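One letter stands for each residue in the lines below.
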Amino acid sequence: MTDPAAPGEGPKQSRRWWKIVLGTIVALLVIVVLGVALFGRVSVRRAFPDVDGEVAIAGLEASVEIVRDDMGIAHIYADNPHDLFIAQGFVHAQERFWQMDVWRHIGAGRLSEMFGDSQVETDTFLRTLGWHDVATAQLAAATPADLEVMEAYSEGVNAYLATQSPSDLSFEYTILELLNHGYDPEPWNPLDTLTWGIAMAWDLRGNMDAEIERAMLLGTLSEEQVFQLFPPYPGDLNPYIVPAGTNDSVPAASLRVTPGIRTALASVQAKLDLVAALGAGDPEAGIGSNSWVVSGEHTDTGAPILANDPHLAIQMPSIWYQNGLHCTEVSEACPFDVAGFSFAGVPGVIIGHNANMAWGITNLGPDVQDLFVERINPDNPNQYEVNGAWVDMDVHEETINVAGGNPITIEVKATRHGPIISDAYGDLEEFTDSGIETPEPYAIALRWTALDTNPGVVEAFMGLDTAANFDDFRTALRSFAVPSQNVVYADIEGNIGYQSPGRIPIRANGDGTLPVPGWTDEYEWIGFIPFDELPRSFNPDSGYIVTANNAVVDDDYPYMLTYDWNFGYRARRIVDLVGSNSGIGLDEHASIQFDSYSLNAEQVIPYLAGVTSPVNEVLATWDLGNQVDSAGAAAFNAVWARIMEFTFHDDLPEDYWPNGAGRWFYVVGQMLENPDDPFWDDQTTAETEDRDTILQRSVDAAYDDLKGWFGDDPTGWNWGEMHGSVFRNQTLGETGIGVIDDRFNRGPYETSGGSDLVNATGWTAYEGFETDWLPSMRMLVDLGDLSRSLSTHTTGQSGHTDHPHYDDMIPLWLAGEYSPMNWTRAQVDAATESVQTLVPGP
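Everything numeric here is computed off the predicted structure, so don't read it as measured data.

### Describing the overall build of the protein chain
Then comes step 1: The helix and strand inventory of the protein chain stands at 26 helices and 30 strands.
Then comes step 2: Each of the 842 residues in the protein chain was classed as buried or not, and the buried ones make up 65%.
Then comes step 3: In the form shown here, the protein chain has an accessible surface area of approximately 27900 Å², with 50% of it arising from carbon and sulfur atoms.

### What about the side chain of Glu524?
Then comes step 1: The residue Glu524 is located in the loop between strand E20 (516–517) and strand E21 (525–528) in this model.
Then comes step 2: Here the side chain of Glu524 touches His417 through a polar contact of 2.5 Å, side chain to side chain.

### Looking at unusual backbone geometry
Then comes step 1: Residue Met316 is joined to Pro317 through a cis peptide bond whose omega torsion reads 0°.
Then comes step 2: Looking at the secondary structure, you find Pro317 in the loop between strand E5 (305–313) and strand E6 (321–327).
Then comes step 3: The residue after Gly747, namely Pro748, is reached through a cis peptide bond having omega 10°.
Then comes step 4: With respect to the helices and strands, Pro748 occurs in strand E25 (residues 746–750).

### Comments concerning the packing of helix H7 (residues 144–161) against helix H14 (residues 457–466)
Then comes step 1: Following both chains from N to C, one finds H7 and H14 inclined at 95°, their axes separated by 9 Å at the closest point. The orientation of H7 relative to H14 falls into the category roughly perpendicular. Counted together, Asp146, Val149 and Met150 of H7 and Val458, Glu459 and Met462 of H14 form the full contact between these two elements.
Then comes step 2: Its residues assigned to classes, the contact of H7 with H14 shows 4 nonpolar, no polar and 2 charged.

### So, the sheet that holds strand E15 (residues 418–419)
Then comes step 1: One open sheet holds the 3 strands; their spatial order is E13-E14-E15, and the pairing between them is antiparallel. Each having just a single partner strand, strand E13 (394–400) and E15 make up the two edges of the open sheet.
Then comes step 2: Where E13 meets strand E14 (residues 408–415), 7 bridges bridge the pair, whose relative direction is antiparallel. From the neighbouring strand, Glu397 faces E14, where its bridge partner is Glu411.
Then comes step 3: This element, helix H5 (residues 120–129), spans E13, E14 and E15 of the sheet and lies at about 145° to E13.

### Quick look at the environment of Gln670
Then comes step 1: In this structure, Gln670 sits in helix H21 (residues 662–672).
Then comes step 2: For Gln670, a relative accessible area of 39% corresponds to the partly exposed category.

### A look at the nonpolar core
Then comes step 1: Counting 212 residues, the largest nonpolar core has Trp131, Leu229, Trp640, Phe648, Leu706 and Trp717 as its most contacted members.
Then comes step 2: Trp292, Val294, Ile592 and Val758 belong to the second-largest nonpolar core, a separate cluster that totals 18 residues.

### Quick word on the confidence of the model for the protein chain
Then comes step 1: For the protein chain, the average pLDDT comes to 90, and 88% of its residues sit at 70 or higher.
Then comes step 2: In this model residues 6–31 is a low-confidence stretch, pLDDT under 50, and it forms 61 contacts with partners more than four residues away in sequence or in other chains.

### Looking at the pattern of salt bridges
Oppositely charged side chains can pair when the atoms bearing their charge come close.
Then comes step 1: Under the counting rule described, the total for this entry stands at 33 salt bridges.
Then comes step 2: Between Arg104 and Asp101 there is a salt bridge; the shortest N-O distance is 2.9 Å. Of this pair, Arg104 and Asp101 both sit in helix H3 (residues 81–108), separated by 3 residues, roughly a single helical turn.
Then comes step 3: Asp564 serves as the salt-bridge partner of Arg214, at 2.7 Å between the closest nitrogen and oxygen. Taken as a pair, Arg214 in helix H11 (residues 208–217) and Asp564 in the loop between strand E23 (544–547) and helix H16 (569–579) lie far apart in primary sequence, 350 residues in all.
Then comes step 4: One connected set of salt bridges, linked through shared partners, spans Arg743, Arg746, Asp802 and Asp807.

### Quick word on the sheet that holds strand E9 (residues 357–363)
Then comes step 1: Taken in spatial order, the 11 strands of this open sheet run E1-E30-E2-E3-E6-E7-E8-E9-E17-E18-E22, and their pairing is mixed. Single-partner strands in this sheet number two, and they are strand E1 (53–58) and strand E22 (536–538). On average, each strand axis in the sheet is tilted by 15° relative to the strand beside it, whichever way the strands run.
Then comes step 2: Sheet contacts for H3: E1, strand E2 (64–69), strand E3 (74–78), E6, strand E7 (337–342) and strand E30 (832–841); angle to E6, the most-contacted strand, approximately 160°.
Then comes step 3: In the packing of H14 onto the sheet, the strands contacted are E7, strand E8 (351–354) and E9, and the crossing angle to E9 comes to about 145°.

### A word on the packing of aromatic side chains
Then comes step 1: Applying the stated criterion across every chain, the model contains 37 aromatic pairs.
Then comes step 2: On the basis of an interplanar angle of 55° and a centroid distance of 5.4 Å, the ring pair of Tyr233 and Tyr240 is categorised as tilted.
Then comes step 3: Within the aromatic cluster, the residues linked to one another by ring pairs are Trp103, Trp196, Trp320, Phe341 and Phe343.
Then comes step 4: It is Arg503 that lies over the ring of Phe528; its NZ or CZ is 3.8 Å from the centre.

### Considering the pairing of E8
Then comes step 1: Covered by surrounding structure in E8 are Ile351 and His353 together with Gly352 and Asn354, the residues of both alternating faces.
Then comes step 2: Bridging between E7 and E8 involves 4 bridges; their strand directions are antiparallel. Opposite Ala339, over in E8, you have His353 as the bridge partner.
Then comes step 3: Across 2 bridges, the pairing between E8 and E9 is antiparallel. Residue Gly352 lies in a different strand from E9, and its bridge partner there is Trp359.
Then comes step 4: The turn joining E8 and E9, which pair antiparallel and follow one another in sequence, is formed by 2 residues.

### Examining the pairing of strand E11 (residues 380–386)
Residues in a regular strand project their side chains so that they alternate between the two faces of the sheet.
Then comes step 1: Pairing geometry for strand E10 (residues 369–377) and E11, over 2 bridges, is antiparallel. Residue pairing across strands places Asn377 opposite Asn380, the latter belonging to E11.
Then comes step 2: As judged from the 4 bridges shared by E11 and strand E12 (residues 389–392), these two strands associate in the antiparallel manner. Paired with Gln383 across the bridge in E12 is Asp392.
Then comes step 3: Hairpin connection, E11 to E12: the antiparallel pair is bridged by 2 residues, and Asn387 has positive phi, about 50°.

### What about H3?
Then comes step 1: Its 28 residues give H3 an end-to-end C-alpha distance of only 28 Å, which falls more than 12% under 40 Å, the value for a rise of 1.5 Å per residue.
Then comes step 2: Of all the 28 residues making up H3, 26 are buried; the element is thus mostly covered by neighbouring parts of the structure.
Then comes step 3: Two or three places before His82, at the start of H3, stands the capping residue Asn80, its side-chain oxygen 3.2 Å from that residue's backbone nitrogen.
Then comes step 4: A positive backbone phi angle near 65° is found at Gly109, which sits one or two residues after H3.

Scoring rules and cut-offs
- Residues numbered from 1 in each chain as written.
- Predicted model: local features only at pLDDT ≥ 70, side-chain atom pairs only at ≥ 80, totals over all residues.
- Heavy atoms only, no water.
- Helix = DSSP H or I, 4+ residues; strand = E, 2+ residues; numbered from the N terminus.
- Buried < 20%, exposed > 50% of the residue type's maximum accessible area, 1.4 Å probe, protein only.
- Areas by Shrake-Rupley, 256 points an atom, 1.4 Å probe, with all protein chains shown as cover.
- Polar contact = N/O pair within 3.5 Å; in protein donor to acceptor, adjacent residues only side chain to side chain.
- Axes fitted to C-alpha atoms, helices over the stretch in contact; angles between N-to-C directions.
- Parallel < 35°, antiparallel > 145°, perpendicular 65-115°, else oblique.
- Contact = heavy atoms within 4.5 Å.
- Nonpolar A, V, L, I, M, F, W, Y, C, P; charged D, E, K, R; others polar.
- Pairing = 2+ DSSP bridges.
- Core = buried A, V, L, I, M, F, W, Y, C linked by side-chain atoms within 4.5 Å.
- pLDDT = per-residue confidence, 0-100.
- Salt bridge = Lys/Arg side-chain N within 4 Å of Asp/Glu carboxyl O.
- Phe/Tyr/Trp six-rings, centres within 6.5 Å; stacked < 30°, edge-to-face > 60°.
- Lys NZ or Arg CZ within 6 Å of the ring centre and 35° of its normal.
- Expected span 1.5 Å × (residues − 1).

This is the structure:
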């Protein structure tokens, strides 16, 4: 942090959504500000949905009851699945249609239609990836049952749209009307649902960013140094999900990365940054999740408990919408009786429980993306080499419609591996495996499982929502192709289990850690790991299963899942707490979800013993917890950010400065044992610095930071004030115009936790301490009595600013508290806030 962010201030936002609208807004600033000031309050409240009374909807077969409880959570009761999903679509549109509309425009590469020419570059890349085309193929291959669900859901969304003008749908449309006059949302259709699923797969995509980073760093560092910064998973230190032996593999480079290749990869990285700015994927920023399941031998009731808290980018509103879907009489014809968390835009429950079982999800993060360097015919840029012959690319044109501007036509090219995603073409100098110097131009193509025609997201979730046992659970996951996840299981019979689903490639050669030659078959994918050979566990002897993005298996497993695991510090802490606390209940598991103990500080602080500073006096009495009022956490994290800066900023390009999360815990932990490691030396000075010099310098700078922020009295140092959370609307909350941003955003709030702690409120070391990733929801399911289950998510059920349920969950989330996960009809009735009845209409 060359220029540290002061407490309560955000990090330097280089990838923020405000870029979407800023250019247009500046031109129309006076109009917008006047419009908001004069009509904002009226327009905001006008968009609040009517959630009482009776509404007639064409297509319904019978009446449907929607009961909202005191947290705004909708519990839907219907006589048949068709009506149930019409009602869910109707409810999602009532509460979150702006969110749905923006996400479908991301997935289809049509942001320019909403936000103008500032999004042409982003749309160009999204069209190149071809998410919309993949979703179209998925739709054509959908089963009749899944198509019925998606069509019913779309009917419900459109029934609500038909009753509202755009400004009545959400206040954001009132602002958008001032910038993009005449914008009228299109009807929803099943393609929008499937496109959203592919966008989510991108968010959880795999290791392409790490593949690019390693290749880029090979331009300035030796191979040994690069893999010192990307070490293998430390299986001797941190746990596996499905344990076996040890992991000591080191990847072998397939490619000598030349300056020209790095130029092409830099263009790819720039495109990835554009999509990351949408809140749609920046895995290195700390994305992850926690889940665990314990058998009755470890609980106070003798029945299993399942815990889950997925970690995603901070945003407003929450990515989750909580709901219950209940058939009034559960039968083979109407099998749904399920509660939990949904995505607005997708029918069903994504994470939750039904009457028989519960499930939780974390990101497996397998390597399902490879970058292929393609040789291009110098005489025909639409041909590329395959095994010595020139082959035609797939080439087609796309038209991008631009609000306030003329349509733009782009050309999209693809090889047998996938879309060409690089801008740069240059001379391909040398590949070590071939040893051949070649003058041909080249390009980078992306091979990614999500670009194949896979089953859509609906099939798997319908199966999970109605599964009665572990066999049903596994059957549902057979169609869970992308993104590959860790899925934990518990049932009311006392069983616990785990399954990793997904299409994970088998490679002829290579390990996916670096780009590979695309002109031969040597590095082709030759198949996918059979589902029945993917890792799974059922009632393990330990009595618990913990997943926290750590390595699933060790090197004894016959297939390669990935080299790039999360480094397992969260997993180790959870295993320590679960394994050493038998007979505990929901309250104790809630405490584990909110645990803020730093294993990183535990390893670093002993090496600071020789440092002279008042900071050491604070650290000496610190309990290593990262609570909001902790002076020790403020001190340590200030020191850690400076260690990242003084150790690595001189060695690494700015685009690849360390974020300070889990991998860096391990890298620095290994370096601490070697005081003369070359990375300790500051390349910008004439001296040769060692470990102790850098640690002293880091502590001194951190002390100056803390004094500047809080004063020199450590009792006033406060981690929560440094580590604030601002829940920002991903579009119109990023304008830089206070009267607009303040309408949509909430915060900053003092926040506990930190990067790669169990309470994983991430921050980025080179930007500041503001929360950028977080537990997007927390759920605890008691399989002994489902009505005792607990949950919360980050903001609130409503997507309408100023609505009472827009931000009423934030205090619960900040405090690590929960609301009841109402299950029985008696529970729902006791907590009822409103009742709306949908009836068949003309």
